[in-house]
Amino acid sequence: MNSNRKKLITILVPAYNEHEVLSLLYDRLSKLMDEQSKYDFEVLFVNDGSKDNTLDMIKFLRAKDPRVNYVNLSRNYGKEIAMAAGFDYVKGDALVIIDADLQDPPELIPEMIKYWEEGFDDVYARRKSRKGEGPLKKLTSWGFYRTLQSMTKIEIQKDTGDFRLLDKRCVEAIKQLKESQRYTKGLYSWIRL
Ligand code: UDP
Ligand code: MG
């Protein structure tokens, strides 16, 4: 390997009917990618069978920025499968997974990279509050995590989403897990064993 090459960071974005927000996400990502000039970046969109213009928007972004790549799924498979499809195409030394809808602030990515450089293989963002979510969603999320945790000895983190950075070692480990009914947040915990 050429030791002079910059480390490559892949940002994986599963997207289902997100054409309205995609250019806003791209603008915020490209700003931080430009600032983090120490690294090379790739933005890997997975279009999960969107019925709106998400695919056209991704193609438009790709035409203006070669850092943009995409996987196009033939129909809507759901976020878990969309992420699994994306994992197979990740080229980066590290992978950041982020939702398209800007519920996760992209501006946290540089801090995640810093922790990765300190040697952490799995850096995740934790929600401080569930602003914008109604009482029912809060209660069902609370109940879901407690029930899930009661069924397994593996510690599953509460109040985390899929917004995280994984070293490529973790990506390789998760790629070995070919479950078709996936709960990726559980897999992140499983591979730490
Ligand atoms: N998503 C997807 N396929 C789906 C549903 C959602 O790829 O069938 C994507 C969506 O575009 C977003 C992320 O998964 O980037 C999270 O979806 P959503 O915001 O609906 O989930 P929540 O915020 O409720 O976890
Ligand atoms: Mg969301």
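Heads up: these notes are all about the structure in this document. (Residues numbered from 1 in each chain as written. Chains lettered and ligands numbered in written order. Predicted model: local features only at pLDDT ≥ 70, side-chain atom pairs only at ≥ 80, totals over all residues. Heavy atoms only, no water.)

1. Some points on the overall build of the protein chain
Okay, so step 1: Within the protein chain one finds seven helices and six strands.
Okay, so step 2: Beginning at the N terminus, the succession of helices and strands in the protein chain can be written as β-α-β-α-β-α-β-α-β-α-β-α-α.
Okay, so step 3: Partitioning the intrachain contacts of the protein chain with sequence separation of at least 6 by distance along the chain shows that 78% fall at a separation of at least 24. (Helix = DSSP H or I, 4+ residues; strand = E, 2+ residues; numbered from the N terminus. Contact = heavy atoms within 4.5 Å.)

2. So, the coordination of the magnesium ion (ligand 2)
Okay, so step 1: Protein coordination at the magnesium ion (ligand 2) comes from D101 (OD) and Q103 (OE1), with a distance range of 2.0 to 2.1 Å.
Okay, so step 2: Of the residues examined, D101 reaches a relative accessible area of 32% and is grouped as partly exposed. (Donors = N, O, S within 2.8 Å, 3.2 Å for Na, K, Ca; no water. Buried < 20%, exposed > 50% of the residue type's maximum accessible area, 1.4 Å probe, protein only.)

3. So, the site of ligand 1
Okay, so step 1: Every one of the 13 residues lining ligand 1 counts as a neighbour, but P14, E18, D48, D101 and Q103 are closest to it.
Okay, so step 2: Here Y16 contributes a backbone N or O atom positioned 2.8 Å from an oxygen atom of ligand 1.
Okay, so step 3: Relative to its unbound accessible surface of 530 Å², ligand 1 loses 71% to contact with the protein.
Okay, so step 4: Here the residues of the shell around ligand 1 sort into four nonpolar, three polar and six charged. (Near = heavy atom within 4 Å. Polar contact = N/O pair within 3.5 Å; in protein donor to acceptor, adjacent residues only side chain to side chain. Areas by Shrake-Rupley, 256 points an atom, 1.4 Å probe, with all protein chains shown as cover. Nonpolar A, V, L, I, M, F, W, Y, C, P; charged D, E, K, R; others polar.)

4. So, the environment of Y70
Okay, so step 1: Inspection of the secondary structure puts Y70 in strand β3 (residues 68-73).
Okay, so step 2: On the accessibility criterion, Y70 (33% relative accessible area) is partly exposed.
Okay, so step 3: The sequence separation of Y70 and N47 amounts to 23 residues, and the corresponding C-alpha distance is 7.3 Å.
Okay, so step 4: When neighbours within four sequence positions are excluded, Y70 is seen to be in contact with L44, F45, L55, I58, K59 and R62.

5. Let's talk about the packing of aromatic side chains
How two aromatic rings sit relative to each other is set out by the distance from centre to centre and by the angle between their planes.
Okay, so step 1: On inspection of all chains with the given rule, the structure shows two aromatic pairs.
Okay, so step 2: Between Y39 and F41 the ring centres are 6.5 Å apart and the planes differ by 70°, which places this aromatic pair in the edge-to-face class. We note that Y39, like F41, is buried.
Okay, so step 3: Between the aromatic rings of Y115 and F120, the centroid separation amounts to 6.0 Å while the plane-to-plane angle is 75°, which identifies the pairing as edge-to-face.
Okay, so step 4: Look at Y115 and you get partly exposed, because its relative accessible area is 38%.
Okay, so step 5: For F120, a relative accessible area of 44% gives the class partly exposed.
Okay, so step 6: Sitting above the plane of the W116 ring, K7 keeps its charged end 5.2 Å from the centroid.
Okay, so step 7: One Lys or Arg, R75, reaches over the ring of Y77 and ends 4.0 Å from the middle of that ring. (Phe/Tyr/Trp six-rings, centres within 6.5 Å; stacked < 30°, edge-to-face > 60°. Lys NZ or Arg CZ within 6 Å of the ring centre and 35° of its normal.)

6. Thoughts on unusual backbone geometry
Okay, so step 1: The phi angle at N17 is positive, at roughly 55°, despite the residue not being glycine.
Okay, so step 2: You can call N17 partly exposed: its relative accessible area is 32%.
Okay, so step 3: Even without glycine at this site, L102 takes up a positive phi of about 65°.
Okay, so step 4: Structurally, L102 can be placed in the loop between β4 (94-97) and α4 (109-117).

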